[in-house]
Amino acid sequence: PRSTPRDHAEIPQAIMALIQHCIFFAALALCHGALFDVNQVGLQWSPTSLSITAGDSVKFTFADGGAHNVKQTTGDNCVSNVTGFAAVVSPFTHQFDTEGVYYYMCGVGSHCSVSGMKGSITVSAAATTAAATTTTTGGQQSSAAAVGASLAIAALLFVAAL
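Criteria and thresholds
Residues numbered from 1 in each chain as written. Predicted model: local features only at pLDDT ≥ 70, side-chain atom pairs only at ≥ 80, totals over all residues. Heavy atoms only, no water. Salt bridge = Lys/Arg side-chain N within 4 Å of Asp/Glu carboxyl O. Helix = DSSP H or I, 4+ residues; strand = E, 2+ residues; numbered from the N terminus. Buried < 20%, exposed > 50% of the residue type's maximum accessible area, 1.4 Å probe, protein only. Phe/Tyr/Trp six-rings, centres within 6.5 Å; stacked < 30°, edge-to-face > 60°.

## Observations regarding the pattern of salt bridges
Throughout the structure, instances matching the rule amount to two salt bridges. Notably, a salt bridge pairs Lys59 with Asp37, separated by 4.0 Å at the nearest N-O pair. One end of the pair, Lys59, is in strand E4 (residues 57-61); the other, Asp37, is in strand E1 (residues 34-41), with 22 residues separating them in the sequence. Look at Lys59 and you get partly exposed, because its relative accessible area is 27%. Assessed through its relative accessible area of 17%, Asp37 is described here as buried.

## Topic: unusual backbone geometry
The linkage connecting Ser46 with the following residue, Pro47, adopts the cis geometry, with an omega of -5°. Topologically, Pro47 is positioned in the loop between strand E2 (44-46) and strand E3 (49-53). The step from Ser90 to Pro91 runs through a cis peptide bond, and the omega angle for that step is -5°. By the element assignment, Pro91 lies in the loop between strand E6 (86-87) and strand E7 (92-95).

## So, the packing of aromatic side chains
A complete count under the given rule lists nine aromatic pairs for this structure. Plain terms: the ring middles of Phe60 and Tyr104 are 5.1 Å apart, the flat faces sit at 70° to each other, and that makes the pair edge-to-face. Of this pair, Phe60 sits in strand E4 while Tyr104 sits in strand E8 (residues 100-105), placing them 44 residues apart in sequence. An aromatic cluster of at least three residues, connected via ring pairs, comprises Trp45, Phe60, Phe62, Phe85, Phe92, Phe96, Tyr102 and Tyr104.

Dropping the structure here:
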C-alpha cells in the first residue's frame, strides 16, 4: 500500500528519538567512568598496581568471611587509614573521584606485613574527551563509554541509510 504524508512525518520523529536515546546513554556512560577489577590470588592482589582516571571505579574481589579484607593504607605500608575505604565483604566497589595515589592492603593477620598483600592505585585527572583508558597488566576494564559510543555510531549509520 501507498504511504500517506503522515507516515513520512513520523519517520523523522522516530529518528530524533533514537538519536536522543543514544546521546543520553553516551553521556551517562561518560559520567560513570570505567570499572576495573582487583582480585585476591592467594596472599596477593592482582594486579598489584593499577592506573585509572578520576571517576573510574575499582571492584575488589576476595574470599570474605574473615579470611581476607581490603583497607586503604596511609602509604606504601601496612598501616590502615581509618578515614579511607575498607570492606570485609566481597565484592567491594569503590569509585575514585580525586587524583592521587591510593594504597591498600589486606588487614587480616600478617597478610600485608609478611606476605606483601598490598597494592596501589594511581588516579589521574579525568580527560576532557572520551579517550580510552588502559589498565596495567592483569587489570580488567569494562567501559560503559564504549557502549554509549557504539549506540551513537549505530544511530548515525541508521540515519545515513535513510
